[in-house]
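These are the residues of each chain, in order.
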Amino acid sequence: MKNKFKILLTRKLHDFVLRELEKKYDVTVHSGKIPMPKKILMKKIQDKDGLICFPYDMIDSDIIKSGKKLKCISTYSVGFDHIDVKLAKKRRIKIGYTPEVLTDATADLTVTLILDVLRRVSEGDRMIREGRWKEIFGAYDYVGTDVKGKTIGILGMGRIGMAVAKRLYPFGVKIIYHNRNRLSKTREKSPHAKLVTINTLFKSSDIISIHIPYSKETHEIVDEKLLGKMKKSAFLVNTSRGKIINESNLIKALKQRKISGAALDVFRNEPIGKKHMFTKMENVVLVPHIGSSSKETREKMAEITMMNLKLGLDRKKLLYSV
Ligand code: 8YV
């Protein structure tokens, strides 16, 4: 009988996926420290044909070179900035990822964060839980900001950026965007989006939402210079990748009240602890990288991750291939 392919999961995925994979493959699931320590990963990958990984697993050249038998890497994420794609491709290793299925969940969370930071929802929740709500607020106390009438700046008008724009347009906002390429007129039309330069985006927006992928080119692209162009009354929202923003520059801008607030799902180094500077700021909403984290979306992601791996090992076209 033909030997079974050996596969490695750097962390447990849904049971239905594991059961399915175990029918066909010799499956190893890492159960120790997360992320899987590099040395262990380098060792375990040596005899594996397939790998299922997560965005915090650095699948760099050392890992890929150690995986002498690797045929397919399937990541449980839309982002693939953690994989050395160039080297993997050179070695004819297929790479699968999970776009589309998480667009709505991530766009929903982005809108939630925008409304939260503008209307100070989390701040109010903290206030009540900590017993700091001492008297009924007057006309000028604890006021937030309306979404209606504001200019929304979308940095990166891909699937998620567009889904955010479409959700926000009915609030009565103006949408501007910056993207590598201009969208077709038909695509621009439905959220009435207008292409602008990145400088104009930062200068003119009341709310900036980041939806570009992370790469060498986008590393800390949102820096002191761009932050410095923002209105004092503006807010910054990020559900993409933490390293797109220069975090210390953002902390400085928030501290000095150069911008009004931020809502963040992603950070430079995750997870962040309670001592992080962001936790000291009332005008910052923080969530723990949960853009795609709804039951329905995560199950779909798991299914696609499994299908991509199976197809890759069968040398067939993946559902979603990098
Ligand atoms: C992760 C994400 O997939 O898809 C991405 O790129 O960042 C998230 O949706 C999620 O954190 C699971 O690891």
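Residues numbered from 1 in each chain as written. Predicted model: local features only at pLDDT ≥ 70, side-chain atom pairs only at ≥ 80, totals over all residues. Heavy atoms only, no water.

Enquirer: For this particular structure, what's the right way to read the packing of helix α1 (residues 15-24) against helix α12 (residues 295-313)?
Expert: Two numbers describe a pair of packed helices, the interaxial angle and the distance between the axes. Running from N to C, α1 and α12 cross one another at 15 degrees; their axes reach a closest spacing of 10 Å. By the angle between their directions, the pair α1 and α12 is classed as roughly parallel. Of the two elements, α1 crosses α12, and the hand of that crossing is right-handed. Contact residues: Phe 16, Val 17, Glu 20, Leu 21 and Lys 24 in α1; Glu 299, Ala 302, Glu 303, Met 306, Leu 309 and Lys 310 in α12. By residue class, the composition of the contact of α1 with α12 is six nonpolar, no polar and five charged. (Axes fitted to C-alpha atoms, helices over the stretch in contact; angles between N-to-C directions. Helix = DSSP H or I, 4+ residues; strand = E, 2+ residues; numbered from the N terminus. Parallel < 35°, antiparallel > 145°, perpendicular 65-115°, else oblique. Left-handed = near helix turned anticlockwise from the far one by under 90°. Contact = heavy atoms within 4.5 Å. Nonpolar A, V, L, I, M, F, W, Y, C, P; charged D, E, K, R; others polar.)

Enquirer: Would you mind showing me how to read the site of the ligand here?
Expert: Close to the ligand lie Phe 54, Pro 55, Tyr 76, Ser 77, Val 78, Gly 79, Leu 102, Arg 241, His 289, Ser 292, Arg 298 and Met 301, which account for all nearby residues. In the model, an oxygen atom of the ligand is placed 2.7 Å from a nitrogen or oxygen of the Val 78 main chain. Tallied by class, the residues present in the shell around the ligand amount to six nonpolar, four polar and two charged. (Near = heavy atom within 4 Å. Polar contact = N/O pair within 3.5 Å; in protein donor to acceptor, adjacent residues only side chain to side chain.)

Enquirer: Could you clarify how one ought to interpret the layout of surface pockets in this entry?
Expert: Where empty space is left becomes clear once a probe the size of a water molecule has been rolled over the atoms. Space inside the second largest pocket adds up to approximately 200 Å³. Forming the walls of the second largest pocket are 16 residues, and the residues nearest its centre are Val 117, Arg 120, Glu 123, Phe 235 and Ser 260. Breaking the lining of the second largest pocket down by element, the ones donating at least two residues are α5 (103-119) and α6 (121-129). (1 Å grid on protein atoms, 1.4 Å probe; cavity = no way out; pocket = protein on both sides within 12 Å on 5 of 7 lines; lining within 4 Å. Points joined across faces, edges and corners; volume = space filled by probe spheres on them.)

Enquirer: Looking at this model, I keep getting lost on the domain arrangement of the protein. Mind explaining?
Expert: Interface size, as often reported, equals the accessible area lost upon joining of the parts. If you check the domain split of the protein, you get domain 1 (6-101 + 296-313) and domain 2 (103-286). For domain 1 and domain 2, the distance between their C-alpha centroids amounts to 32 Å. Listed by partner, the interface residues are seven residues for domain 1 and five residues for domain 2. The junction of domain 1 with domain 2 conceals about 570 Å² of combined surface from both sides, 43% of it contributed by carbon and sulfur atoms. Among the residues domain 1 hides against domain 2, the three largest losses belong to Asp 81, Glu 100 and Thr 297. Together they make up 63% of the total. If you look at where domain 1 meets domain 2, you find two salt bridges. (Domains from an automatic or database assignment. Buried area = accessible area lost by both parts, 1.4 Å probe. Salt bridge = Lys/Arg side-chain N within 4 Å of Asp/Glu carboxyl O.)

Enquirer: Just checking my understanding: could you explain the packing of aromatic side chains for this structure?
Expert: For any pair of aromatic rings, the description rests on two quantities: the centre-to-centre distance and the angle between the ring planes. Inspection of every chain in the model, using the stated rule, returns six aromatic pairs. With centroids separated by 5.3 Å and ring planes inclined at 85 degrees, the aromatic side chains of Phe 80 and Tyr 97 adopt a geometry described as edge-to-face. On the criterion of sequence distance, the pair formed by Phe 80 in the loop between β4 (72-75) and α4 (85-90) and Tyr 97 in the loop between β5 (94-96) and α5 is long-range, its members being 17 residues apart. Given a relative accessible area of 32%, Phe 80 falls into the partly exposed group. On the numbers, 6.2 Å between centres and 55 degrees between planes, the contact of Phe 267 with Phe 278 is tilted. One end of the pair, Phe 267, is in the loop between β11 (261-264) and β12 (284-286); the other, Phe 278, is in the loop between β11 and β12, and 11 residues separate them in sequence. (Phe/Tyr/Trp six-rings, centres within 6.5 Å; stacked < 30°, edge-to-face > 60°. Buried < 20%, exposed > 50% of the residue type's maximum accessible area, 1.4 Å probe, protein only.)

Enquirer: Which parts of the structure should I look at to understand empty space enclosed by the protein?
Expert: If you walk through the whole model with that rule in mind, you get one cavity of 30 Å³ or more. Grouping the amino acids of the lining of the largest cavity by side-chain chemistry returns five nonpolar, two polar and one charged.

Enquirer: Would you mind going over α5 with me for this structure?
Expert: One full turn of an α-helix is made of 3.6 residues, so residues set three or four places apart face in the same direction. Given a rise of 1.5 Å per residue, 17 residues ought to cover 24 Å, and the 24 Å separating the end C-alpha atoms of α5 matches this to within 8%. When we look at burial in α5, the residues that qualify are Thr 103, Ala 105, Thr 106, Ala 107, Leu 109, Thr 110, Val 111, Leu 113, Ile 114, Asp 116, Val 117 and Leu 118. (Expected span 1.5 Å × (residues − 1).)

Enquirer: Just to check I follow, could you spell out the pairing of strand β1 (residues 6-9) for this structure?
Expert: Regular strands place side chains that alternate from one sheet face to the opposite one. Here β1 pairs with strand β2 (residues 26-29) via four bridges, running parallel. Each residue of the ladder has a partner; that of Leu 9, found in β2, is Val 29. Where the polypeptide runs from β1 across α1 and back to β2, its parallel neighbour, the crossover connection is right-handed. (Pairing = 2+ DSSP bridges. Right-handed = clockwise from strand over helix to strand, strands pointing away.)

Enquirer: Explanation requested: the pattern of salt bridges in the structure shown.
Expert: Close approach of charged atoms lets side chains of opposite charge pair. Counted under the stated rule, the structure contains 22 salt bridges. Across the pair Glu 123 and Arg 120 runs a salt bridge, and its minimum N-O distance is 2.9 Å. A salt bridge links Glu 188 to Arg 182; the nearest nitrogen and oxygen atoms lie 2.8 Å apart. Judged by relative accessible area, which is 7%, Glu 188 ranks as buried. Judged by relative accessible area, which is 52%, Arg 182 ranks as exposed.

Enquirer: Quick question: what am I supposed to make of the sheet that holds β2 here?
Expert: In a beta sheet, neighbouring strands are held together by backbone hydrogen bonds and run either parallel or antiparallel to one another. Pairing within the open sheet is parallel, and its five strands lie in the order β2-β1-β3-β4-β5. Two strands close off the open sheet at either side, each with one partner strand: β2 and β5. The average undirected angle you get between the axes of adjacent strands in this sheet is 15 degrees. Sheet analysis places β4 next to β5, joined by three bridges and oriented parallel. Along β5, the bridge assignment pairs Ser 74 with Gly 96.

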